[in-house]
Amino acid sequence: MEKKETLKLYYQMVLIRRMEETAAQLYQQGKIGGFLHLYIGQEAVSTGLISARQPQDKVITAYRDHGVAINCGISIKSVIAELLGKATGCSQGRGGSMHMADVSKNFWGGHAIVGAHLPIATGLALTDKYRGSNGVTICMFGDGATNIGYFHEAINLSKVWNLPILWVCENNEYGMGTAVERASAVSEIRQKAEGYCIPNDHVDGMDVLKVRQIALEAIEQVRKGNGPFFLEVNTYRFRGHSMGDPERYRKAEEVKKWQEEDPIGIFHGRIIAEGGATADELEAVEQRAEADLEAAVQFAESSPEPAPETLFDHIYADS
Ligand SMILES: Cc1ncc(C[n+]2csc(CCOP(=O)(O)OP(=O)(O)O)c2C)c(N)n1
Ligand SMILES: [Mg+2]
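Residues numbered from 1 in each chain as written. Chains lettered and ligands numbered in written order. Predicted model: local features only at pLDDT ≥ 70, side-chain atom pairs only at ≥ 80, totals over all residues. Heavy atoms only, no water.

Draft legend 1. Broad picture of the sheet that holds strand β2 (residues 137-142). Strand order in this open sheet of five strands is β1-β2-β3-β7-β6, and the pairing throughout is parallel. The sheet is open, and its two borders are formed by β1 (58-60) and β6 (200-204), each paired with just one other strand. The mean angle between the axes of side-by-side strands here comes to 20°, regardless of whether they run parallel or antiparallel. Here three bridges tie β1 to β2, and the two strands are oriented parallel to one another. Looking at the pairing, Val59 lines up with Ile138 of β2. Helix α2 (residues 43-51) contacts β1, β2, β3 (165-171) and β7 (229-234) of the sheet and is inclined by roughly 170° relative to β2. Each of β2, β3, β6 and β7 is contacted by helix α9 (residues 208-226), which is oriented at about 160° to β6, the strand it contacts most. (Pairing = 2+ DSSP bridges. Helix = DSSP H or I, 4+ residues; strand = E, 2+ residues; numbered from the N terminus. Axes fitted to C-alpha atoms, helices over the stretch in contact; angles between N-to-C directions. Contact = heavy atoms within 4.5 Å.)

Below, the structure is given as structure tokens:
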């Protein structure tokens, strides 16, 4: 991979990590309303995955969406502004943490209802097939979503209609406080794709380059017209399900063990070992991410709230 691309992936992952840490602080200061689900620990998943897409490929995900938004090219300024409910946010302050979106970047959201965006993804892929475009839909969801009826309806139809869609399950071992093996009949989630004859694979989600590589191959297969593909990405969230989670369902040692597999640390080590960049160069990237984040927080804090008279805008399409 080109050095420029390596440094870009590193920047994205560091920016997401710092953004999420800052979001936690802003939440504790009462500046963010509603729920807040952090992506800390899972950065390599969407960073590797989305680095493999082409601009015409659509991305859709659940509520753990801030990092996905960044990786889709939404600016850090409009992500932080959206978290603060400001008019300059990517959803104009109406979506908040769980409903970031920007269709011009082919990011179709942030969805709060578990599993509900999967049939929407099937519809997006059907649109591409119907129009004869060569776009692929990348639909990300959690392990918990695969126990919901929508999941089965959506992936079944994607196979029946041979749609251009990459299903990506981020298996982070838990759905809220429930471990996968307590809620799912199979703990290797990709087995569920087998039931629908959908080709599938799995990958270590703590290694951004492995995720990118497998995603490049899977997207190519899907783009060729081979129908849906299912990818299980094994990962872990280092923080609670959302802010205020007392985390009684898992042991501190388990979290610590996974933190030793920190995706940013692994990538840092690999870049240095393979001579991709020097430690000083990586530090400069970290400083740039921190400066960009600081500027974004200032921008968001000084941005206006949505004007009251716009309250009913964007509810119905203008005829
Ligand atoms: C239909 C529905 N049922 C329940 C909830 C409450 N809920 C929010 S997140 C969540 C767990 C989902 O876990 P998973 O899909 O693994 O995603 P993760 O949070 O691990 O990223 C639940 C049950 C919901 N939002 N929607
Ligand atoms: Mg989960």
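Structure's up, so let's keep going.
Draft legend 2. Geometry of the site of ligand 1. Around ligand 1 sit 14 residues in total, of which Tyr63, Arg64, Gly144, Asn172 and Tyr174 are the nearest. Within the side chain of Arg64, one N or O atom sits 2.8 Å away from an oxygen atom of ligand 1. Note that a nitrogen atom of ligand 1 is positioned 3.1 Å from one of the backbone N or O atoms of Val114. Taken by itself ligand 1 offers 580 Å² of open surface, and the protein chains cover 71% of this. Considered class by class, the residues forming the shell around ligand 1 number seven nonpolar, five polar and two charged. (Near = heavy atom within 4 Å. Polar contact = N/O pair within 3.5 Å; in protein donor to acceptor, adjacent residues only side chain to side chain. Areas by Shrake-Rupley, 256 points an atom, 1.4 Å probe, with all protein chains shown as cover. Nonpolar A, V, L, I, M, F, W, Y, C, P; charged D, E, K, R; others polar.)

Draft legend 3. Just the packing of helix α11 (residues 263-273) against helix α12 (residues 279-301), in detail. α12 packs onto α11 with a crossing angle of 140° between their chain directions and a minimal axis gap of 10 Å. From α11, His268, Ile271 and Ile272 reach across to α12, where they touch Ala279, Leu282 and Glu286. Here the contact of α11 with α12 is composed, by residue class, of four nonpolar, one polar and one charged.

Draft legend 4. Region of the structure containing the coordination of the magnesium ion (ligand 2). At this site the magnesium ion (ligand 2) is bound by Asp143 (OD), Asn172 (OD1) and Tyr174 (O), with donor distances of 2.1 to 2.3 Å. Along the chain, the residues donating to the magnesium ion (ligand 2) are arranged with the sequence spacing D-x28-N-x1-Y. Taken as a pair, Asp143 in the loop between β2 and α6 (149-160) and Tyr174 in strand β4 (residues 174-175) lie far apart in primary sequence, 31 residues in all. Across the pair, Tyr174 and Asp143 agree in class, each one buried. (Donors = N, O, S within 2.8 Å, 3.2 Å for Na, K, Ca; no water. Buried < 20%, exposed > 50% of the residue type's maximum accessible area, 1.4 Å probe, protein only.)

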